[in-house]
Each structure stands twice: as structure tokens, then as C-alpha cells.
Amino acid sequence: MSNLVLFDDLTIRPALLPFTFTRPVAGIRIGIQTLAEKWADALGQIPSYLTESYLAVKFPQKADADNWYVNGAVCPTAALQTSISALPVGSCLHTPDGLVLAVRTDKPLSTSPTLNDPYEFKAFAEPLTIIRNLWDIFVHNGDQIRADFARLTAGRQSAPITDPFTRCYAPENIFVEEGATIRASVLNAEGGPIYIGRNATISEGSVVIGPFSLGESSTVNWGGKMRSNTTIGPFCKVGGEVGNSVFFGYSNKGHDGFLGNSVVGEWCNLGANTNNSNLKNDYSNVKLYSYATGQLEDTGRIFCGLMMGDFTKAGISTMFNTGTVVGVSVNVFGSSFQPKYIRSFSWGGASDGFMTYRLEKAIHVATEAFKRRDLDFDEQEENILREIFNIERMGPPTITPLSILNSL
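Per an unreviewed UniProt entry, the recorded name for the protein is Glucose-1-phosphate thymidylyltransferase, and the organism is Spirosoma endbachense.

A. Inspection of the sheet that holds strand β24 (residues 258–260) at higher detail. Spatial ordering of the open sheet is given by β9-β12-β15-β18-β21-β24, a layout of 6 strands whose pairing is parallel. Bordering the open sheet on either side are β9 (167–169) and β24, each of which pairs with just one other strand. When strand β15 (residues 207–209) meets strand β18 (residues 225–226), the two strands line up parallel, connected through 2 bridges. Its bridge partner lying in β18, Val207 is registered against Lys225.

B. Main features of the layout of surface pockets. Within this model, the largest pocket holds a volume of roughly 580 Å³. If you trace the largest pocket, you find 24 residues lining it, with Arg23, Gly27, Lys58, Phe59 and Glu266 closest to the centre. Sorting the residues of the lining of the largest pocket by element identifies α2 (35–43) and α7 (379–394) as the ones contributing at least two each. When its residues are assigned to classes, the lining of the largest pocket shows 14 nonpolar, 3 polar and 7 charged. If you go around the second largest pocket, you meet 19 residues; those closest to its centre are Asn252, Lys313, Ala369, Arg372 and Arg373. Looking at the lining of the second largest pocket, you find at least three residues from each of domain 2 (133–250) and domain 3 (254–394).

C. Layout of the pattern of salt bridges. Under the defined criterion, the tally for this structure stands at 19 salt bridges. The salt bridge partner of Arg104 is Asp66, with a shortest N-O separation of 2.7 Å. Here Arg104 is found in strand β7 (residues 100–105), whereas its partner Asp66 is found in the loop between β4 (48–50) and β5 (67–71), with 38 residues between them in sequence. With a closest N to O distance of 3.0 Å, Glu382 and Arg386 form a salt bridge. Of the two residues, Glu382 and Arg386 both sit in helix α7, 4 residues apart, roughly one turn of that helix. On the accessibility criterion, Arg386 (25% relative accessible area) is partly exposed. Overlapping salt bridges bring together Lys38, Asp41, Asp148 and Arg151 as one network.

D. Highlighting the pairing of strand β28 (residues 287–290). Two strands pair when backbone bridges link them, and β28 and strand β29 (residues 295–298) are joined in this way by 4 bridges, in the antiparallel orientation. Bridge pairing in β29 links Leu288 to Glu297. The antiparallel hairpin formed by β28 and β29 contains 4 residues in its connecting segment, where Gly294 sits at a positive phi of about 75°.

E. Quick peek at the sheet that holds β4. The mixed open sheet is built from 6 strands, whose spatial order is β4-β1-β5-β7-β6-β8. The strands lining the two open edges of the sheet, one partner per strand, are β4 and β8 (120–123). On average, each strand axis in the sheet is inclined to that of its neighbour by 25°, with strand direction left out of account. Across 4 bridges, the pairing between β5 and β7 is antiparallel. Paired with Val70 across the bridge in β7 is Ala102.

F. Spatial organisation of the pairing of strand β22 (residues 246–249). Direction of pairing for strand β19 (residues 230–232) relative to β22: parallel, over a ladder of 2 bridges. What sits directly across from Ile232, in β22, is Phe247. Bridge analysis of β22 against strand β25 (residues 263–266) gives 3 bridges, and the strand direction is parallel. The residue bridging Val246 from the neighbouring strand is Val263, located in β25.

Thresholds applied
Residues numbered from 1 in each chain as written. Predicted model: local features only at pLDDT ≥ 70, side-chain atom pairs only at ≥ 80, totals over all residues. Heavy atoms only, no water. Pairing = 2+ DSSP bridges. Helix = DSSP H or I, 4+ residues; strand = E, 2+ residues; numbered from the N terminus. 1 Å grid on protein atoms, 1.4 Å probe; cavity = no way out; pocket = protein on both sides within 12 Å on 5 of 7 lines; lining within 4 Å. Points joined across faces, edges and corners; volume = space filled by probe spheres on them. Nonpolar A, V, L, I, M, F, W, Y, C, P; charged D, E, K, R; others polar. Domains from an automatic or database assignment. Salt bridge = Lys/Arg side-chain N within 4 Å of Asp/Glu carboxyl O. Buried < 20%, exposed > 50% of the residue type's maximum accessible area, 1.4 Å probe, protein only. Axes fitted to C-alpha atoms, helices over the stretch in contact; angles between N-to-C directions.

The following block contains the structure:
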């Protein structure tokens, strides 16, 4: 069996910032699993990564004499898995529009493969889900929950729901892993499956509508309203109302407030009564800041909320505009709607403006956040944050955040 390496496509990775500041593209969670976890299941082995040099210490490449290099932005399908498995050495599988899906090679690669490389080319024309844009994460999340649910639960028996005060609709579409706790809640899986991870908790008075996924050791707090097409990754605490959104993991929205059509990275916290807008009053398409172009781009969608990078915190009653992008390690607070783009390592809010978040303070806060979960914020993690700080704060700004406060 060939060795599996997931590569960051050179055109897709910039479009998926700020999430790809801190992880390879395949580290993005969509559905129940991350893209990397999906490929590990599909091809039967733990992958390594071909990614940015500053991420490579934490996410190293482990290549040998026979390698599959697979595009980390692509969701696996049975047909694609079969085509990749059948690739001969020295060949490349690509989409009709020229996106490299996979190559098989007997040499380690130092850069991501392209159609300019000397391979035997084969086209793959069947439908695929490819995460090319930030909004693709929540747009395709419901379908990916369904796909992951079918694969992860096939041939398995759900743990029973024994609480007499919990009401289940379409219980055949609900799967509960061992150790999970559900109390006095409503689970409605008529419109799609509900997956409850190991040691997860759904607290009293919660309403959960499928498709929905709750990760390992995560909690839906009392009275939580979890709308469809939502994923809560592992080790999260969520409350209030959440719809068509994805939490990668280790992040909290523990109190009331609305979050819709949004993606939240790891190690984030949304203060009590934090809300976001996901629909403009005139029903026009939402524009979203793009790191790839340095300007607002039309998403082609009327629903689009908040994109929040890792290690970012929002104070109580923070209000986020329709289509807001917040970078890594931001501390945002204050009254009135926040800008549609907030640069990484910013401290402040729309009312009083922003200053640079002191790097050593940001590292201290990240270290404390890890300690609260009994984890070690080690040198690898610290060096990644330092590199992102240098990229974002030391380089020239691509856009002035406050200048687009109302550029809707």
C-alpha cells in the first residue's frame, strides 16, 4: 500500500485563511470529521502532510518509495478512492478544470504538485465536494455529516438513550457513542442524522435538529438550540442558538446569543450574548474578506456569518456583521458592530479602534488556555503563533480593517 501524504493546494490554501494559518488544509473540520480523518478512513492509514514550512514541524511529511499525494481540500468519495488506489506510479489524477486531485510517485515532493509537472495525466469527472472557499465549510457541512454518519456507524450499534424525559424523532437516525449523557432534551433526526460523540453531554432543555454532530467530550449547555447542519467539534461547550455552523474543537460559546452560517476555529471563546448577523436587510449577496485577494469578494450567497481564526476571544455582547472574517489570536470587544475584517493579533473593537495584541501576552493566554484542558502549549505551538505574528503584523497590511466597517 502506498504512503499517504495530504498536500495543500497552492491556490486553495490562501483562500482558506485564517483557518490555514494554524493547520494544513486537511485539518479543517467539515461534517463529523476533519478532512484528514476522512482520508485516513478512506485509504486505511494515518496521513502526513505537505504544507507550509512553519507548520511542518507539527505536521511533518513522511514520504517513502511509493506515495499517494492527495489534495487535502477534497472530500473523499468511493469513486475517487477507487481511482486513487488504481493510480500507477508517475501518474496524476485531476478534475476537468485542472485541479490536481492526487499523484502517485516514488519520490518525496518538496512542493505541491501541479499540471506542469511531468506526470501521466488522468481526468476524474465525477462529482466531488472540494473546499475552495471559507463559506464552503458550512455550505457543505450537512451533506458531509450525512456521509460521515453513514460511514462511521455502518454495522455498529448505538448506545441506548435511557433518559425517560428525552424525546427522539426518527431514532433510527440517531447514533450515540459510549459514555455520552443526554437529559430531558428533544432530538429530531427526521431531516438528517444526529451523531453524539464519546463522553459528550446534551444538557436539560436542549433542542437538537439534524443533521447535527457533537464531538467527543463536548457539551450542549442547558436550553441550547442546535439547528440543522451544525457541527460542534471535540472538547467544546456551546449554548444559545447555533445554526448551520462549524466549531473545529476546543472552543466555547457557553451562553445565549445567536451564531449562524459561521465557522469557528480552535481555542476560541464567544462571550455571553455574542451575536452575529448572517443575512443582510436587503437580501443581497454577502461579501467576505479574502486573504487571497486582499479585498471583499462576493460569496454568491445571501447567508454568511462569522469566520473566526484560532485563539480568538470575543467579549460579552459582541456584535459581528454579516460576513465577518477575524484572524488568529484577536481580542475583540465593545459596543456597535465590529468591522467585517479584523487582522490577526488585534486588540480592541469598533468603538475605540484596534491596537496590536502584544505577542508575549497572546502566547501567555494561549498557554493558559491549554492548561485549562490539561494540555501543554509547547515550543511547536509557540513558534507557529510567532510566525503568524510576523506574517500578519510585520508585513504590509493588505486592507485597513476600519475602512470597511460598513462596506457591505
